[in-house]
Amino acid sequence: INAYDDGHSTGRLRRFIPTMLGPSDVRKNLSRLMPSAESGQRALKTLSDFRLPVGISTADALALIAKITSGEDQLLPAPLCNLFAQLNLIQSRRLVSFLATFTSYFHQQAALNRHFDFTDCALGNLFFAGCYLESGQDFNRAVAAFSIFHDVDPKILLNVTLGENLFLVAEKDDGSILRNEADIVAAQSTDAKIARLYLLDAPIYLPQVESASAPPPEGWPAFLSAHHTQPQPNQAALDALAHADVVIYGPGTQHSSLLPSYLTGGIGEAVAANCDADKIFIANIHRDFDIPADDINDLARKFLDAHRRNGTQPGIEWEQVVSHFFVQADTAGDENRAKYIPFDASKFIFPLRTVRLRDWEAQEGRHSGGFVLDEVRQIVQGRIDINLDRLQHMVSIIIPVLNEERTIEHVLREIVALDFQSLGLSKEIIVVDGASTDRSFEIAQSVRSVKVLRLDSQKGRGAALRMGIDAARGNLIAFFPGDNEYRTDDLISMVSSLTQSRFRAVFGSRAVKCTNLSGELQSIYKNQLALYLASKYGGMLLSILTLLLYNRYITDALSSVKAFDTDLLRSLKLVCDGRDLDTEIIAKLAIRLEYVLEIPVDYAPRTRSAGKKITVFDGLQCIWSLLRSRFSN
């Protein structure tokens with residue numbers, strides 16, 4: 001990381017402690033890198049991100065800090081009191097020490113008529129400020145000490161420089177300037193792109209740039225070029241680059257988080273000298289505020305110019321610093337295309353063999369780390385002698401729909417609200433409409449964060465599921481109906497069973513929780529005796545037939561809630577278009593000796609008049625699917 005952030009409370013802290021760089025990126029990264037298995041670690045993470053109220057007075061802020069440093073945690077507001085109570089003794093003592101050191105410094109400065117505004121300041125920034133003061137005002141020593149305090153190896157998070165207190169300024173291609181990092185990351189006009197970045201020492205920057213009321217006589221470009229300072233590299237960062245198997249240039253705010261790091265002396269040379277590493281540039285998906293008019297060529301050009309330190313190191317060739325470009329494929333509709341960074345293969349300035357083009361998006365504008373890791377794994381697995389485990393990172397929930405306008409919106413909104421983060425998973429929701437004649441398709445399209453596909457004719461549930469399987473990007477897939485007969489919460493336990501066990505196929509069984517099968521079926525089919533008998537004994541027949549044919553007993557073959565490892569499901573090469581897809585899956589899993597875990601799910605069946613669709617013919621197709629799969633192998 002670099003630490004040139006100088007906006008909001010971070011900027012106020014930098015000016016209050018004039019030798020210190022911005023702590024916010026240190027805090028945010030450690031919050032994500034630290035373990036969270038223990039309650040104290042989780043409490044520390046929450047405390048670090050806790051912000052003091054907007055508009056809090058200095059007296060109130062100092063009074064709150066005094067309660068912490070004096071051991072009067074029980075007098076704190078309830079949320080803070082509960083968090084401090086969860087800290088272990090070492091964590092508590094260190095936080096008290098950090099805040100006491102900062103408070104002492106505050107009072108020393110107050111005596112000199114220098115003050116700090118605590119409004120909207122993250123407590124973690126104050127913790128770091130105290131750690132920095134305790135570390136002899138050595139920024140890199142403070143980063144290492146703060147890492148250890150967060151149970152993170154100090155070799156993992158590195159400030160790229162020696163800690164020189166420099167300020168970031170940008171020049172736009174119309175000659176105007178952005179005077180600080182906060183202005184750089186703010187919304188920009190599309191009239192002029194950011195052309196060049198400069199780093200200035202505080203004695204030059206504060207009086208002559210930040211406080212300047214007019215441009216210097218020679219003009220801003222000449223002034224900034226003359227006073228640009230090249231920071232010296234942190235040797236630990238150079239060593240890490242020299243021994244890296246993979247160098248990844250992450251996406252993010254290009255002109256603050258990324259490009260300034262590459263301006264550091266020796267960084268480009270260190271990357272270029274590592275001839276064995278794969279070097280991967282990950283392009284942004286959406287336009288950030290600082291790149292409202294840039295395309296992929298602009299990002300790639302600026303990336304290379306920064307490694308060449310704005311022309312001072314022209315000997316660095318592009319092949320030495322990048323081997324792969326991860327670029328977002330055009331998946332946006334016309335109404336959203338303007339939000340995405342454009343990529344034109346015919347105009348890309350580097351060879352197309354270096355480009356990995358795919359849909360990297362997990363949430364709107366955000367990369368899926370799992371997609372990136374999957375791709376990196378493919379690149380490096382054959383080169384390094386390490387077996388990289390496949391990471392489960394996303395579940396694709398496929399919902400086949402046919403004329404479900406009464407229920408589909410409710411089901412989708414419940415699934416959108418499901419949180420798989422505790423399992424380390426993101427999710428995507430794919431609705432496949434089977435050529436509905438009602439408003440199901442339009443309603444599904446109206447729900448945000450849902451991808452909606454459509455069959456061109458009513459081919460059947462199996463055809464809809466197969467279309468969803470082809471479109472799924474997750475490495476786990478779950479089936480769920482849009483008819484509101486099942487509880488969406490059961491998806492969590494289904495997917496959890498996949499992530500926390502060796503099983504690769506999980507079925508939700510209605511039979512386990514059913515206390516009165518006859519009563520439920522009678523409420524569905526009323527006086528339709530043939531359908532009642534077919535449903536009651538048809539399910540039993542499928543279970544018994546599966547046992548006879550495949551030596552496998554499945555209690556609920558036609559459950560609409562199932563979950564799979566994606567590679568396994570796709571390897572089955574499914575062909576059925578109707579309800580018989582369910583028994584085709586069972587048969588092919590059994591032939592492969594793949595175990596199926598069944599777990600109980602809740603079920604509230606609909607009546608025929610409410611839209612229940614399964615027929616006797618569907619049951620006959622399922623039986624035929626079992627027989628055909630058995631005797632065709």
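*Asks:* Hey, could you run me through the overall build of the chain in this one?
*Replies:* A count of helices and strands for the chain gives 26 helices and 16 strands. Relative to its 633 residues, the chain shows a buried fraction of 51%. Of the roughly 28,100 Å² that the chain leaves accessible, carbon and sulfur atoms contribute 52%. Charge centroids of the chain, computed over 66 positive and 75 negative side chains, lie 6 Å from each other.

*Asks:* How should the sheet that holds strand 3 (residues 194–201) be read in this particular structure?
*Replies:* Either a parallel or an antiparallel arrangement is found when strands of a sheet pair, and the pairing is made through backbone hydrogen bonds. If you trace the three strands from one edge of the open sheet to the other, you get 2-1-3, paired in antiparallel fashion. Looking at strand neighbours, the two that pair on one side only are strand 2 (177–178) and strand 3, the edges of this open sheet.

*Asks:* Would you mind going over the pattern of salt bridges with me for this structure?
*Replies:* Side chains bearing opposite charge may pair, as long as their charged atoms lie close to each other. Inspection of every chain in the model, using the stated rule, returns 28 salt bridges. Note that arginine 51 is salt-bridged to aspartate 120, the shortest N-O span being 3.1 Å. Highlighted residues: arginine 51 in the loop between helix 3 (39–49) and helix 4 (58–69) and aspartate 120 in the loop between helix 6 (89–111) and helix 7 (123–134), separated in sequence by 69 residues. Assessed through its relative accessible area of 31%, aspartate 120 is described here as partly exposed. Two residues, aspartate 602 and arginine 487, come together in a salt bridge whose shortest N-O distance is 3.2 Å. Taken together, the residues aspartate 602 in the loop between strand 16 (597–600) and helix 26 (616–631) and arginine 487 in the loop between strand 13 (476–479) and helix 21 (490–499) connect sequence positions 115 residues apart. The class for arginine 487 is partly exposed, based on a relative accessible area of 38%.

*Asks:* Looking at this structure, I do not really get the packing of helix 6 against helix 7. What am I missing?
*Replies:* A pair of packed helices is captured by two measures, namely the crossing angle of their axes and the spacing between those axes. Helix 7 packs onto helix 6 with a crossing angle of 75° between their chain directions and a minimal axis gap of 8 Å. Between helix 6 and helix 7, the interaxial angle falls into the category roughly perpendicular. Every residue of helix 7 that contacts helix 6 at Arg94, Leu95, Ser97, Phe98, Leu99, Thr101, Phe102 and Tyr105 is listed here: Leu126, Phe127, Ala129, Gly130, Cys131, Leu133 and Glu134. When grouped by side-chain class, the residues that make up the contact of helix 6 with helix 7 number ten nonpolar, three polar and two charged.

*Asks:* Even after reading the chapter, I still don't get the sheet that holds strand 6 (residues 324–328), so can you show me in this structure?
*Replies:* Strand order in this open sheet of four strands is 4-5-6-7, and the pairing throughout is parallel. With partners counted over all chains shown, the strands left at the sheet margins are strand 4 (246–249) and strand 7 (355–358), one partner each. Each neighbouring strand pair of the sheet contributes to a mean axis angle of 20°, computed without reference to strand direction. In this structure, strand 4 lies alongside strand 5 (residues 278–282), joined through four bridges in parallel fashion. Looking at the pairing, isoleucine 248 lines up with isoleucine 280 of strand 5.

*Asks:* What is the right way to read the packing of aromatic side chains from this model?
*Replies:* Working definition: an aromatic ring pair is given by the centre-to-centre distance plus the angle between the planes. A full pass over the atoms with the stated rule returns 32 aromatic pairs. Both rings, one in phenylalanine 16 and one in phenylalanine 106, keep their centres 5.9 Å apart while their planes meet at 50°; by these two values the pair is tilted. Of this pair, phenylalanine 16 sits in helix 1 (residues 8–16) while phenylalanine 106 sits in helix 6, placing them 90 residues apart in sequence. Accessibility assignment for this pair places phenylalanine 16 and phenylalanine 106 in one class, buried. Plain terms: the ring middles of phenylalanine 128 and phenylalanine 146 are 5.3 Å apart, the flat faces sit at 85° to each other, and that makes the pair edge-to-face. Taken together, the positions of phenylalanine 128 in helix 7 and phenylalanine 146 in helix 8 (residues 139–149) put the pair 18 residues apart, joining distant regions of the chain. Accessibility classification places phenylalanine 128 together with phenylalanine 146 in one group, the buried group.

*Asks:* Looking at this model, I keep getting lost on the pairing of strand 11 (residues 426–433). Mind explaining?
*Replies:* Taken across its eight residues, strand 11 has seven buried, putting it largely inside the fold. By the bridge criterion, eight bridges tie strand 10 (residues 394–401) to strand 11 in an arrangement that is parallel. Bridging from a neighbouring strand, serine 396 pairs with glutamate 428 of strand 11. Relative to strand 12 (residues 450–454), strand 11 runs parallel, the two being bridged by five bridges. Counterpart to valine 431 in the pairing with strand 12 is valine 452. Considered for its hand, the β-α-β crossover made up of strand 11, helix 19 (residues 440–445) and strand 12 is right-handed.

*Asks:* Help me understand the side chain of glutamate 181, please; the structure alone is not making it clear to me.
*Replies:* With respect to the element layout, glutamate 181 can be found in helix 9 (residues 181–184). Beyond its immediate stretch of four places on either side in the chain, glutamate 181 contacts Tyr4, Asp5, Asp6, Gly7, Leu168 and Ser256.

*Asks:* Looking at this structure, how should I read helix 11 (residues 220–227)?
*Replies:* Side chains that are three or four residues apart share a direction in an α-helix, a result of its 3.6 residues per turn. All of the buried residues in helix 11 are Trp220, Phe223 and Leu224. Buried residues of helix 11, seen end-on, are gathered within an arc of 95° and therefore sit on one face of the element. Buried positions along helix 11 lie against strand 1 (166–172), strand 2, strand 3 and helix 10 (202–210).

*Asks:* Sorry if this is basic, but what is going on with the nonpolar core here?
*Replies:* A general tendency of soluble globular proteins is for nonpolar side chains to be buried together. Residues Phe118 and Leu126 are the most contacted members of the largest nonpolar core, which totals 92 residues. The contact partners of leucine 126, leaving out residues within four places of it in the chain, are Leu13, Leu52, Ile65, Leu99, Phe102, Phe116, Phe118 and Cys121.

*Asks:* I tried to follow the environment of valine 376 on my own but got confused; where do I start?
*Replies:* Assignment of secondary structure puts valine 376 in helix 17 (residues 369–380). Along the backbone, valine 376 and aspartate 278 are 98 residues apart, and their C-alpha atoms lie at a distance of 8.9 Å. Once residues lying within four places of it in the same chain are set aside, the contact partners of valine 376 are Val246, Ile248, Ile280 and Phe326.

*Asks:* Is there a simple way to explain the confidence of the model for the chain in this structure?
*Replies:* Low-confidence regions, as indicated by low pLDDT, have predicted coordinates that should not be scrutinised in detail. For the chain, per-residue confidence averages 89 on the pLDDT scale, and residues scoring 70 or more make up 92% of the total. Across residues 529–534, where pLDDT falls below 50, the model places ten contacts with residues more than four positions away in sequence or in other chains.

*Asks:* I tried to follow the state of the cysteines on my own but got confused; where do I start?
*Replies:* One way to say it: the disulfide is the covalent bond shared by the sulfur atoms of two cysteines. Scanning the model with the defined rule gives zero disulfides in all. Note on cysteine 131: no disulfide assigned, nearest cysteine sulfur contributed by cysteine 121 at a separation of 15 Å. Look at cysteine 131 and you get buried, because its relative accessible area is 1%.

*Asks:* What am I meant to see in a nonpolar patch on the surface here?
*Replies:* Where nonpolar side chains cluster on the molecular surface, the patch consists of Met540, Ile544, Leu547, Leu548 and Tyr553 and spans about 500 Å² of accessible area. Residue position: leucine 548 is located in helix 23 (residues 529–550).

*Asks:* Got a minute to help me understand the environment of glycine 462 in this structure?
*Replies:* Residue placement: glycine 462 occurs in helix 20 (residues 461–471). Excluding its chain neighbours within four sequence positions, the residues that come into contact with glycine 462 are Cys576, Asp577, Gly578 and Leu581.

*Asks:* How should I be thinking about the packing of helix 7 against helix 8 in this particular structure?
*Replies:* Following both chains from N to C, one finds helix 7 and helix 8 inclined at 120°, their axes separated by 9 Å at the closest point. Taken as axis vectors, helix 7 and helix 8 run oblique relative to one another. Here helix 7 and helix 8 pass one another in a crossing that is right-handed. Side by side, helix 7 and helix 8 meet where Gly124, Phe127, Phe128, Cys131 and Tyr132 of the first sit next to Phe139, Ala142, Val143, Ala145 and Phe146 of the second. Classifying every residue of the contact of helix 7 with helix 8 by side-chain character gives nine nonpolar, one polar and no charged.

Conventions used here
Residues numbered from 1 in each chain as written. Predicted model: local features only at pLDDT ≥ 70, side-chain atom pairs only at ≥ 80, totals over all residues. Heavy atoms only, no water. Helix = DSSP H or I, 4+ residues; strand = E, 2+ residues; numbered from the N terminus. Buried < 20%, exposed > 50% of the residue type's maximum accessible area, 1.4 Å probe, protein only. Areas by Shrake-Rupley, 256 points an atom, 1.4 Å probe, with all protein chains shown as cover. Lys, Arg positive; Asp, Glu negative; His and termini not counted. Charge placed at Lys NZ, Arg CZ, Asp CG, Glu CD. Pairing = 2+ DSSP bridges. Salt bridge = Lys/Arg side-chain N within 4 Å of Asp/Glu carboxyl O. Axes fitted to C-alpha atoms, helices over the stretch in contact; angles between N-to-C directions. Parallel < 35°, antiparallel > 145°, perpendicular 65-115°, else oblique. Contact = heavy atoms within 4.5 Å. Nonpolar A, V, L, I, M, F, W, Y, C, P; charged D, E, K, R; others polar. Phe/Tyr/Trp six-rings, centres within 6.5 Å; stacked < 30°, edge-to-face > 60°. Right-handed = clockwise from strand over helix to strand, strands pointing away. Arc of directions from axis to C-beta. Core = buried A, V, L, I, M, F, W, Y, C linked by side-chain atoms within 4.5 Å. pLDDT = per-residue confidence, 0-100. Disulfide = S-S within 2.5 Å. Patch = residues over 30% accessible without salt bridge, like charges linked within 9 Å, V, L, I, M, F, W, Y side chains within 5 Å. Left-handed = near helix turned anticlockwise from the far one by under 90°.

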